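One-letter residues, chain by chain:
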Amino acid sequence: MSDYDICIIGSGAGASPVALTLAEAGHSVVVLEKGPWFDETDFTKDELSCCRRSVYTPPLSEEQHVIEEASDEGWQGTPTSESGWDFWNGNCIGGSSNFMSGYFYRLKPDDFRLRSVYGPIDGANVVDWPIDYKELEPYYTKVEQRVGVSGRVVKHPFQEPRSTTDFPYPPTEENIVSGWIDAACKKHGYHPLPTPRAILPYPAMNRRGCAYSGYCGSFGCQTGAKGGARAALLDQAVRTGHCKVMPHCKVFRLESDKKGKVTAARYHDRQGKEQKIHARLFVVACQAIETTRLLLSSPGPKHPDGLGNNHGQLGRNLIFSAGGVGQGTLPYEQFSKQQAEALKMRGPFVNRGLQDWYFIDDAKFGRHKGGTIDFLFRHPNGIARANNQKWDDNGRLLWGKPLKRKLEAYFTEARYLRFEVFCDWLPTDNCFVSLDNQIKDKWGSPVARVRIGFHPHDLEIGQYLSDKAKTVLETMKARDIYSSVSGDPPANLVAGGCRFGHDPTRSVLDANCRVHDIDNLYVTDGSFMPTGGSVPYTWTIYANAFRVADRILEHL
Amino acid sequence: MGLFGAALVLPVQAQTRNPARAPTRGQDREPWKTLAVVQQHLLPSEDHAPGAKEIHATSYLKNLVSQHGLSEEERNFITSGPGWLNELAMQQHKAVFVRLTENQQANLLQQIAGTSAGEDWLAMLLTYIFEALLSSPVYGGNPEAIGWKWLQHDPGFPLPATAGQTWQALQKRR
Ligand SMILES: Cc1cc2nc3c(=O)[nH]c(=O)nc-3n(C[C@H](O)[C@H](O)[C@H](O)COP(=O)(O)OP(=O)(O)OC[C@H]3O[C@@H](n4cnc5c(N)ncnc54)[C@H](O)[C@@H]3O)c2cc1C
Ligand code: SF4
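Reference entry: report on the structure contained in this document.

Rules of the game
- Residues numbered from 1 in each chain as written.
- Chains lettered and ligands numbered in written order.
- Predicted model: local features only at pLDDT ≥ 70, side-chain atom pairs only at ≥ 80, totals over all residues.
- Heavy atoms only, no water.
- Phe/Tyr/Trp six-rings, centres within 6.5 Å; stacked < 30°, edge-to-face > 60°.
- Buried < 20%, exposed > 50% of the residue type's maximum accessible area, 1.4 Å probe, protein only.
- Helix = DSSP H or I, 4+ residues; strand = E, 2+ residues; numbered from the N terminus.
- Lys NZ or Arg CZ within 6 Å of the ring centre and 35° of its normal.
- Contact = heavy atoms within 4.5 Å.
- Buried area = accessible area lost by both parts, 1.4 Å probe.
- Salt bridge = Lys/Arg side-chain N within 4 Å of Asp/Glu carboxyl O.
- Nonpolar A, V, L, I, M, F, W, Y, C, P; charged D, E, K, R; others polar.
- Pairing = 2+ DSSP bridges.

## Observations regarding the packing of aromatic side chains
Next, step 1: For the coordinates displayed, the defined rule picks out 32 aromatic pairs over all chains.
Next, step 2: Their ring planes at 85 degrees and their centres at 5.5 Å tell us that tyrosine 215 of chain A and phenylalanine 219 of chain A sit as a pair that is edge-to-face. The two residues tyrosine 215 of chain A and phenylalanine 219 of chain A agree in class, both being buried.
Next, step 3: Centre to centre, the rings of phenylalanine 365 of chain A and tyrosine 464 of chain A are 4.4 Å apart; their planes meet at 15 degrees, and the pair counts as stacked. Remark: tyrosine 464 of chain A occurs in helix 12 (residues 456-475) and phenylalanine 365 of chain A occurs in the loop between strand 12 (359-362) and strand 13 (366-369); sequence separation between them is 99 residues.
Next, step 4: Phenylalanine 365 of chain A gets classed as partly exposed once you look at its relative accessible area, which sits at 24%.
Next, step 5: On the basis of relative accessibility, which here comes to 13%, the residue tyrosine 464 of chain A falls in the buried class.
Next, step 6: Ring-pair connections join several aromatic residues into one group, and the members of that group are Phe104, Phe112, Trp129, Tyr133, Tyr140, Phe167, Phe500, Phe528, Trp539 and Tyr542 of chain A.
Next, step 7: Seen from the ring of tyrosine 118 of chain A, arginine 367 of chain A lies directly overhead, with NZ or CZ sitting 4.7 Å from the centre.
Next, step 8: One Lys or Arg, lysine 404 of chain A, reaches over the ring of tryptophan 150 of chain B and ends 5.2 Å from the middle of that ring.

Following this line, the structure appears as structure tokens:
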């Protein structure tokens, strides 16, 4: 007997499009989320809540990961409660999408056939996707409209095909620096793009417009303008009357029967009591690492090694966003008083990206899949910025009046323009999720053990793009320009682990993101992605989840 | 609400009857007496720029320690520092740290900064000084946005305005 038609585990970007689509179609939906329910009234620009205390994520002493890094003695696992390297990104209704910056890029047609177009790379498990861009395009458009993406289409060598001429919302307000970036890019013959953002520039769809609070990424949005999954989709799903959202429900196991069908989700409620929900169909969207962890933790009569793991594929080919960061200083004294005042304005965005090297064809460097460069101001968090000033150039601690003079100069004499580079994190055999055989969470379930090896090719591409980004900062006469490219994964930009494909022996999900040999189990977060494209993932996660929701509707 | 709107926000401990006195309560006892002097070395007061005293750095830290806002390890580390400092002061000057001249104190701080534990301790104190300097006044530091004004820092909006919006309250809802 089923309590609901559909039970969705997780409530973030991968979960919410499914909840909304199915609830709108009149099906009974339940969403189980391990974290609490925060909303606009809870979100303020408080650096302590956002970034210095774990408020939106669990304490690492209670729930953690074990991260395996390469060392001279082989792969060494360190529990994050020891290292402090937090792999949680936002655990509450709406998931980490509450805290994203909302830089939204589509993938491009060749991202779906990377292996065919660029061929194999030694040591990397690059494959084509089982679907093409054409199949996802209508859903990218749907996300523009239903989540709300603002931007402007400009002519560009690698502009992906669109079924509509422009974005449904115009770009958000821009800082004066955006024009300076444009001018510098044009001098080089580059094609600066207004970065599309999942941010409403004005009120729409029962949400307020952006208030230009100046503190967006890492912060929850107080207006609902940011297209996080809760504000944009889940709230609407609840309003249909067909969707029940349950916070504080930590699912620890899916039960399946002899035929391999999933029958129930078992979870711990807020009091730690074990509960169970039955449904006709289950959708897992706990974010890549936790999705694999849940499936590995759910063996059944037909799946002794975990659901979807009969061919040992579950958890393999985890990917992050590869790339790097860089920065240049824009001293106010370099500008007129008026320009300096405009540069200081905290609220308006930079919103500039470069995709001129999304596909690289360079006489010296060769022909490669490249990536995206995004310009942005240094994060405004005051405490973090002050804290960075307490070391002198020789790495010695600074205090007293010399420290105060350094703080004054840092805070009041310049603004800092940064860039971020996004390129493909090649899937390899050294980046995967398994279960740790020692460390357990506070409920007694094994935690995820994540090996985070990267392919050296990623660094070469990251460096190539960083060097290009630096040319823009140099032309802008920025000072103290630096960049850093590393193989450290950004924990917030993660996908893979349950790649989709046609061959059940080499993938976990079929082309519709249904687990190959399980009739009623789907995965709709970023886990399905065999390669990640050279952009942040969320637009693609949303679009794919809307696509899969349509397939589920046909299935029911 | 602009840059200084936060000045209207009442600090959490202002719920005590005499908010003006709140910052100094209990600070005449160890380890707070020594910590307050060390903090003042780390961020000295100047006519144009606030120091540890003006930003209520000691009461901020004391609140954090007493309200279990820090891990036990951090708490112990912070509060045992004055013990080591006094041992060193006694060895070298036969007097506790707070009784030394400013120069002697500065000299001892330079000495401990030469050890990795000493440097870590001072670095940690600085971190919490920056919190007192630049966090919302709702947490008891940065009175009347004095830190934001000094560094012309725009803290964004909205700021936490009610006890329910503090990190402690939100954390309880996890
Ligand atoms: C600071 C920050 C900035 C970002 N900026 C961008 C950006 O600019 N552009 C972009 O495209 N992306 C950005 N992202 C990434 C974006 O947030 C993610 O790609 C997206 O939210 C992933 O969706 P998801 O559904 O996989 O995971 P989430 O949205 O995190 O949702 C997963 C949910 O599942 C819950 N869950 C996990 N395990 C269980 C369990 N066992 N039982 C019940 N519930 C469970 C979690 O608590 C969580 O709420 C950013 C992220 C962060 C943190
Ligand atoms: S109001 Fe605008 S700037 Fe502020 S968090 Fe929301 S989307 Fe970001």
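The structure having been displayed, the exposition proceeds.
## A short note on the interface of chain B and chain A
Next, step 1: Each partner contributes to the interface: chain B provides 46 residues, whereas chain A provides 49 residues.
Next, step 2: Interface of chain B and chain A: buried area, both sides summed, is about 3800 Å²; carbon and sulfur atoms make up 60% of it.
Next, step 3: The largest per-residue losses of area from chain B upon contact with chain A belong to Phe130, Arg173 and Arg174 of chain B, which jointly make up 18% of the total buried on that side.
Next, step 4: At the boundary of chain B and chain A, one finds 5 salt bridges.
Next, step 5: Notably, a salt bridge pairs arginine 53 of chain A with glutamate 131 of chain B, separated by 2.7 Å at the nearest N-O pair.
Next, step 6: Looking at the side of chain B that touches chain A, the elements that each hand over two or more residues are helix 1 (32-42), helix 2 (57-66), helix 4 (102-113), helix 5 (116-134) and helix 7 (167-172) of chain B.
Next, step 7: Class assignment for the residues of the side of chain B that touches chain A results in 25 nonpolar, 14 polar and 7 charged.

## Points about the pairing of strand 8 (residues 262-268) of chain A
If a strand is regular, its side chains alternate between the two faces of the sheet.
Residues and elements named next belong to chain A.
Next, step 1: Within strand 8, 6 of the 7 residues are buried, leaving the element largely enclosed by the surrounding structure.
Next, step 2: With 6 bridges connecting them, strand 7 (residues 250-256) and strand 8 associate as antiparallel partners. In the strand pairing of strand 8, arginine 253 is matched with arginine 266.
Next, step 3: Remark: 5 residues form the turn of the hairpin made by strand 7 and strand 8, two consecutive strands paired antiparallel; glycine 260 in that turn has positive phi of roughly 95 degrees.
Next, step 4: Relative to strand 9 (residues 274-284), strand 8 is paired through 5 bridges, and the arrangement is antiparallel. What sits directly across from histidine 268, in strand 9, is glutamate 274.
Next, step 5: Hairpin connection, strand 8 to strand 9: the antiparallel pair is bridged by 5 residues, and glycine 272 has positive phi, about 85 degrees.

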